[in-house]
Amino acid sequence: MASSSGNDDDLTIPRAAINKMIKETLPNVRVANDARELVVNCCTEFIHLISSEANEICNKSEKKTISPEHVINALESLGFGSYIAEVKDVLQECKTVALKRRKASSRLENLGIPEEELLRQQQELFAKVTLMKGSLPDGQTGKTSRTNAASPSQTELYSFPSQ
């Protein structure tokens, strides 16, 4: 594929990624180095072709970001319509994995403690504080004041049980 920038050599899929895909797809087949290089070049050319067509479709629809629908339409217009069902399946799988990854990165999930156990511990702490408040000597409220650092003129009251 000819390009006006002249630096297409910089825009290739990493050879290690292609080697891994070849090994996973054809575990018992030896593939010559020049055949591997040809696969890398074909993959790069295919990506350039699809992304260019998707970009044109995106521009025609007056959008600035190429969406999955633009890529699917590009596949259809370039004669790769038979791949669309599989592409949609992979897209859904990617969305599912991304959602799971986002959920797994939440603080609650990273604690490794079930939500029910955290709720039980919280209720236990509330009960202890309530008991401590009830055992304060007459005249002591357990309240202390602190000046808010963000707004020194405001004073906030916090209740702390005495020990």
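Since the model is a prediction, treat every value here as computed from it, not as a measurement. (Residues numbered from 1 in each chain as written. Predicted model: local features only at pLDDT ≥ 70, side-chain atom pairs only at ≥ 80, totals over all residues. Heavy atoms only, no water.)

**Student:** What is the right way to look at the overall build of the chain in this model?
**Tutor:** Helix and strand counts for the chain stand at six helices and two strands. Across the chain, helices and strands are ordered from the amino to the carboxyl terminus as α-α-α-α-α-α-β-β. The buried share of the chain, reckoned over its 163 residues, is 13%. A separation of at least 24 residues holds for 30% of the contacts in the chain among residues at least 6 apart in sequence. Roughly 13300 Å² of accessible area belongs to the chain as shown, and the carbon and sulfur atoms make up 55% of that amount. (Helix = DSSP H or I, 4+ residues; strand = E, 2+ residues; numbered from the N terminus. Buried < 20%, exposed > 50% of the residue type's maximum accessible area, 1.4 Å probe, protein only. Contact = heavy atoms within 4.5 Å. Areas by Shrake-Rupley, 256 points an atom, 1.4 Å probe, with all protein chains shown as cover.)

**Student:** Sorry if this is basic, but what is going on with the pattern of salt bridges here?
**Tutor:** Oppositely charged side chains are able to pair whenever their charged atoms sit close together. Inspection of the entire model under this criterion finds three salt bridges. R120 serves as the salt-bridge partner of E124, at 2.7 Å between the closest nitrogen and oxygen. Of the two residues, E124 and R120 both sit in helix α6 (residues 115-134), four residues apart, roughly one turn of that helix. With relative accessibility at 39%, the residue E124 sits in the partly exposed group. Take R120: its relative accessible area is 41%, and that puts it in the partly exposed class. Connected via shared salt-bridge partners are E117, R120 and E124. (Salt bridge = Lys/Arg side-chain N within 4 Å of Asp/Glu carboxyl O.)

**Student:** How should the side chain of R36 be read in this particular structure?
**Tutor:** In this fold, R36 is placed in helix α2 (residues 33-60). One buried charge, R36, has no salt-bridge partner; the nearest side chain with opposite charge is D34, at 8.5 Å. (Lys, Arg positive; Asp, Glu negative; His and termini not counted.)

**Student:** Any chance you could explain the layout of surface pockets here in plain terms?
**Tutor:** In this approach a probe as big as a water molecule rolls over the atoms, and the regions it shows empty are the leftover space. In this structure, the largest pocket occupies an estimated 360 Å³ of space. Surrounding the largest pocket, F46, I47, I50, S51, V71, L75, F80, Y83, E86, V87 and V90 form its lining. Taken together, the elements giving at least two residues each to the lining of the largest pocket come down to α2, α3 (68-77) and α4 (84-104). Counting residues per element, the lining of the largest pocket draws most heavily on α2, at four residues. Classifying every residue of the lining of the largest pocket by side-chain character gives nine nonpolar, one polar and one charged. (1 Å grid on protein atoms, 1.4 Å probe; cavity = no way out; pocket = protein on both sides within 12 Å on 5 of 7 lines; lining within 4 Å. Points joined across faces, edges and corners; volume = space filled by probe spheres on them. Nonpolar A, V, L, I, M, F, W, Y, C, P; charged D, E, K, R; others polar.)

**Student:** I keep staring at the nonpolar core and nothing clicks. Help me out?
**Tutor:** Generally speaking, soluble globular proteins have nonpolar side chains that are buried together. Grouped together as the largest cluster of nonpolar side chains are seven residues: I50, A54, I57, I72, A74, L75 and I84. Once you skip the residues sitting within four places of it in the chain, A74 turns out to touch I50, E53, A54 and I57. (Core = buried A, V, L, I, M, F, W, Y, C linked by side-chain atoms within 4.5 Å.)

**Student:** Looking at this structure, how should I read unusual backbone geometry?
**Tutor:** Phi is mostly negative for residues that are not glycine, and the peptide bonds are mostly trans. A positive phi angle is found at E62, which is not glycine, with a value near 55 degrees. Considering the arrangement of structural elements, one finds E62 in the loop between α2 and α3.

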